[in-house]
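Survey of secondary and tertiary structure
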Amino acid sequence: EADIYQTPRYLVIGTGKKITLECSQTMGHDKMYWYQQDPGMELHLIHYSYGVNSTEKGDLSSESTVSRIRTEHFPLTLESARPSHTSQYLCASSAPVPGTQYFGPGTRLTVL
Amino acid sequence: TQLLKQSPQFLSIQEGENLTVYCNSSSVFSSLQWYRQEPGEGPVLLVTVVTGGEVKKLKRLTFQFGDARKDSSLHITAAQPGDTGLYLCAGTGGGNKLTFGTGTQLKVEL
């Protein structure tokens, strides 16, 4: 059973606010990921990290940024939220072999 | 870009029926995972298959990885309302990044 946590679970904010979505895992996994998903649709990779101080942009362009100062923590920040950022954000981590990813419960973000 | 297409996109069946979901690509994957996701939650891993031709069974669910490692199928026997959800296949490519399929929304009615 994977232990990966995301907070908050739900967030409703106004346009222009700065927000940080938290993600933590207790499995010691080096690799962590952020995905964006609209309801019932496929997942799109927006950021990933292969270890401390390593971050890369994913396949879907995003205005968000991430940091990886500690192995267990991979927060995502939006400096100025807009309605187009409304979506579900999912965090995941993976063990080396065979690359299976374990997901957190997600943060449902609504920007008014 | 590696693409994974799932079919059907939507499936609504009665309790007790059998169904198969397909996941197809023109690319080869080192492994393939199947996830189930309920509304407002993250995907939950069902199975990982790594060998071409591999078949795995989990109770009423049977997963198969194609011989060429480009496609996979999920078969559910005697579907139950608790099987309702979004089913996602995902293939592992370079760097352990996952490419997710387009998803199959399953609804099982009483």
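Residues numbered from 1 in each chain as written. Chains lettered and ligands numbered in written order. Predicted model: local features only at pLDDT ≥ 70, side-chain atom pairs only at ≥ 80, totals over all residues. Heavy atoms only, no water.

Section: the side chain of Gln88 of chain A
By secondary structure assignment, the location of Gln88 of chain A is in strand E9 (residues 87-94). Taking the relative accessible area as the measure of exposure, Gln88 of chain A reaches 6% and is therefore buried. In terms of polar contacts, Gln88 of chain A uses its side chain to reach the backbone carbonyl oxygen of Glu41 of chain B, at 3.4 Å. When residues no more than four places from it in sequence are discounted, the contact partners of Gln88 of chain A are Tyr35, Gln36, Gln37, Pro105, Thr107 and Arg108 of chain A together with Gln37, Gly40 and Glu41 of chain B. (Helix = DSSP H or I, 4+ residues; strand = E, 2+ residues; numbered from the N terminus. Buried < 20%, exposed > 50% of the residue type's maximum accessible area, 1.4 Å probe, protein only. Polar contact = N/O pair within 3.5 Å; in protein donor to acceptor, adjacent residues only side chain to side chain. Contact = heavy atoms within 4.5 Å.)

Some thoughts on the side chain of Thr92 of chain B
Secondary-structure assignment places Thr92 of chain B in strand E9 (residues 85-92). Looking at Thr92 of chain B, its side chain comes within polar contact range of the side chain of Gln33 of chain B, at 3.4 Å.

Re empty space enclosed by the protein
In the structure shown here, the tally under the stated rule is one cavity of 30 Å³ or more. Its residues assigned to classes, the lining of the largest cavity shows two nonpolar, six polar and no charged. (1 Å grid on protein atoms, 1.4 Å probe; cavity = no way out; pocket = protein on both sides within 12 Å on 5 of 7 lines; lining within 4 Å. Points joined across faces, edges and corners; volume = space filled by probe spheres on them. Nonpolar A, V, L, I, M, F, W, Y, C, P; charged D, E, K, R; others polar.)

Description of the sheet that holds strand E3 (residues 19-24) of chain B
Strands in a sheet are paired, the pairing made by backbone hydrogen bonds, and the direction either parallel or antiparallel. Residues and elements named next belong to chain B. Spatially, the five strands line up as an open sheet ordered E1-E3-E8-E7-E6, and their pairing is antiparallel. Every interior strand has two partners, whereas the edge strands, strand E1 (5-7) and strand E6 (55-58), have only one. For this sheet, the mean inter-axis angle between neighbouring strands, taken without regard to orientation, is 15 degrees. Bridge count for strand E7 (residues 61-65) against strand E8 (residues 71-76) is five bridges, and the pairing is antiparallel. Bridge pairing in E8 links Thr62 to His75. (Pairing = 2+ DSSP bridges. Axes fitted to C-alpha atoms, helices over the stretch in contact; angles between N-to-C directions.)

Some thoughts on the state of the cysteines
Applying the stated criterion across every chain yields a total of two disulfides over all chains. Bridging Cys23 of chain A to Cys91 of chain A, the disulfide has an S-S length of 1.9 Å. The S-S bond linking Cys23 of chain A to Cys91 of chain A shows a torsion near -75 degrees; that makes this disulfide left-handed. Separated by 68 residues along the polypeptide, Cys23 of chain A in strand E3 (residues 19-25) and Cys91 of chain A in strand E9 bring together distant segments of the chain. Here Cys23 of chain A and Cys91 of chain A have matching classes, each one buried. The disulfide partner of Cys23 of chain B is Cys89 of chain B, and the gap between their sulfur atoms is 2.0 Å. In this structure, the disulfide formed by Cys23 of chain B and Cys89 of chain B twists by about 80 degrees around the S-S bond and is classed as right-handed. Residue Cys23 of chain B is located in strand E3, and its partner Cys89 of chain B is located in strand E9; the two are separated by 66 residues in the primary sequence. Cys89 of chain B carries the same exposure label as Cys23 of chain B, and that label is buried. (Disulfide = S-S within 2.5 Å.)

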